[in-house]
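So the chains spell out like this:
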Amino acid sequence: MSLTPKSAVASQPLAASWKRWLLVSVAAIVVAHLLDPFAWQWRMATVYEKDWGRLLRIMGFLPTWGLLALAWWLQQEEPVSRRHGALLLVLGPAAGGIVAELLKLLVRRLRPADDTFGYVFRSFAEGPFSNRGMGMPSSHTLVAFAGAFALARLFPRAQWVFYALAAGCAITRILSHAHYLSDTVVAACLAWIVVTLIDRWLTPPAQAEAI
């Protein structure tokens, strides 16, 4: 009788999660690009003059997650849980924002034009280290979803509340004509990777095998 190593057994759920993420991400990104011409027509210039618009946008504002991390730190009494949750809420969105800004320099796709739909890319010869005016992926959306995925790991029963707030942030970025729909979908997919990797890094090896 052969025995399967414990590490191999523990890695199976994680591998399945990555495969599921890959399939869902590829499908979502393809569909988002197909829908970009239609979503481009959605616009609300005054979205950030509305209370709900400002509420949703701050989900993509990094200091928001610093405050939530502080709240978690103050609430929790168990040292390991306190440290893990606070760091996840800070590092997840922070790393997400950094990833978004770096990828903008690589992808170099500009933000939507107001008068004509079409993807425009900036040459590497033109401002190679400036991502000004670039929109792929959406930084606000990546920060918002990274924070939402982090909160979902801390409060799994309320996860859909956090996902809805992050999706709302993405919608405001589309309505304000700051991003294509696909910019936000790519950001949401990347956010899952960022938070998953950081969570694994923060989790002690003995516990990580059980994830």
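Heads up: the structure comes first, above all this text.
In short, a report on the structure. Note that the structure is a prediction, hence the values are computed from the model and not measured.

Summed over all chains, the structure comprises four salt bridges. Of the charged contacts in the structure, one is a salt bridge between Arg 54 and Asp 51, with a shortest N-O distance of 2.5 Å. Of this pair, Arg 54 and Asp 51 both sit in helix H2 (residues 51–57), three residues apart, which is roughly one turn of the helix. One salt bridge in this structure joins Arg 153 and Asp 199, with 2.6 Å as the shortest N-O distance. One end of the pair, Arg 153, is in helix H5 (residues 139–154); the other, Asp 199, is in helix H7 (residues 181–202), and 46 residues separate them in sequence. Residue classification places Arg 153 among the partly exposed residues on the basis of a relative accessible area of 35%. Note on Asp 199: relative accessible area 8%, which makes it buried.

Moving on, we come to a nonpolar patch on the surface. There is a patch of nonpolar side chains on the surface, built from Leu 22, Val 26, Val 30, Val 31, Leu 34, Leu 35 and Phe 38 and spanning about 650 Å² of accessible area. Checked against the element boundaries, Leu 22 lands in helix H1 (residues 6–39).

What follows deals with helix H3 (residues 62–75). Here H3 contains 14 residues, and its C-alpha end-to-end distance of 20 Å stays within 8% of the 20 Å for a straight helix at 1.5 Å per residue. Within H3, burial applies to Thr 64, Trp 65, Ala 69 and Trp 72. Down the axis, H3 shows its buried residues gathered within 135° of arc, on one side only. Summarising the geometry of H3, the exposed residues directed more than 90 degrees from the buried face are Leu 67 and Leu 74.

Turning our eyes to something else, we now look at the layout of surface pockets. Rolled over the atoms, a probe as big as a water molecule pinpoints where empty space is left. Looking at the largest pocket, its volume works out to about 510 Å³. Around the largest pocket, the lining is made up of 21 residues, and of these Val 24, Phe 145, Phe 149, Ala 188 and Cys 189 lie nearest the centre.

What follows is about the nonpolar core. Membership of the largest hydrophobic core comes to 42 residues, with the highest contact counts inside it found for Leu 89 and Phe 149. At the level of secondary structure, the elements contributing two or more residues to this core comprise H1, H3, helix H4 (79–107), H5, helix H6 (159–175) and H7. Looking at this core, the element that brings in the most residues is H7, giving 14 residues. When near neighbours in sequence (up to four residues on either side) are disregarded, Phe 149 contacts Tyr 163, Ala 188, Ala 191, Trp 192 and Val 195.

Where H3 contacts H5, the two axes come as close as 10 Å, and the packing angle between them is 15°. One finds that H3 runs roughly parallel with respect to H5. Crossing of H3 against H5: the hand is left-handed. Residues Leu 62, Trp 65, Leu 68 and Trp 72 of H3 form the contact with H5, whose own contacting residues are Val 143, Ala 144, Gly 147, Ala 148, Leu 151 and Leu 154. Residues belonging to the contact of H3 with H5 are distributed by class as follows: nine nonpolar, one polar and no charged.

What counts as what
Residues numbered from 1 in each chain as written. Predicted model: local features only at pLDDT ≥ 70, side-chain atom pairs only at ≥ 80, totals over all residues. Heavy atoms only, no water. Salt bridge = Lys/Arg side-chain N within 4 Å of Asp/Glu carboxyl O. Helix = DSSP H or I, 4+ residues; strand = E, 2+ residues; numbered from the N terminus. Buried < 20%, exposed > 50% of the residue type's maximum accessible area, 1.4 Å probe, protein only. Patch = residues over 30% accessible without salt bridge, like charges linked within 9 Å, V, L, I, M, F, W, Y side chains within 5 Å. Areas by Shrake-Rupley, 256 points an atom, 1.4 Å probe, with all protein chains shown as cover. Expected span 1.5 Å × (residues − 1). Arc of directions from axis to C-beta. 1 Å grid on protein atoms, 1.4 Å probe; cavity = no way out; pocket = protein on both sides within 12 Å on 5 of 7 lines; lining within 4 Å. Points joined across faces, edges and corners; volume = space filled by probe spheres on them. Core = buried A, V, L, I, M, F, W, Y, C linked by side-chain atoms within 4.5 Å. Contact = heavy atoms within 4.5 Å. Axes fitted to C-alpha atoms, helices over the stretch in contact; angles between N-to-C directions. Parallel < 35°, antiparallel > 145°, perpendicular 65-115°, else oblique. Left-handed = near helix turned anticlockwise from the far one by under 90°. Nonpolar A, V, L, I, M, F, W, Y, C, P; charged D, E, K, R; others polar.

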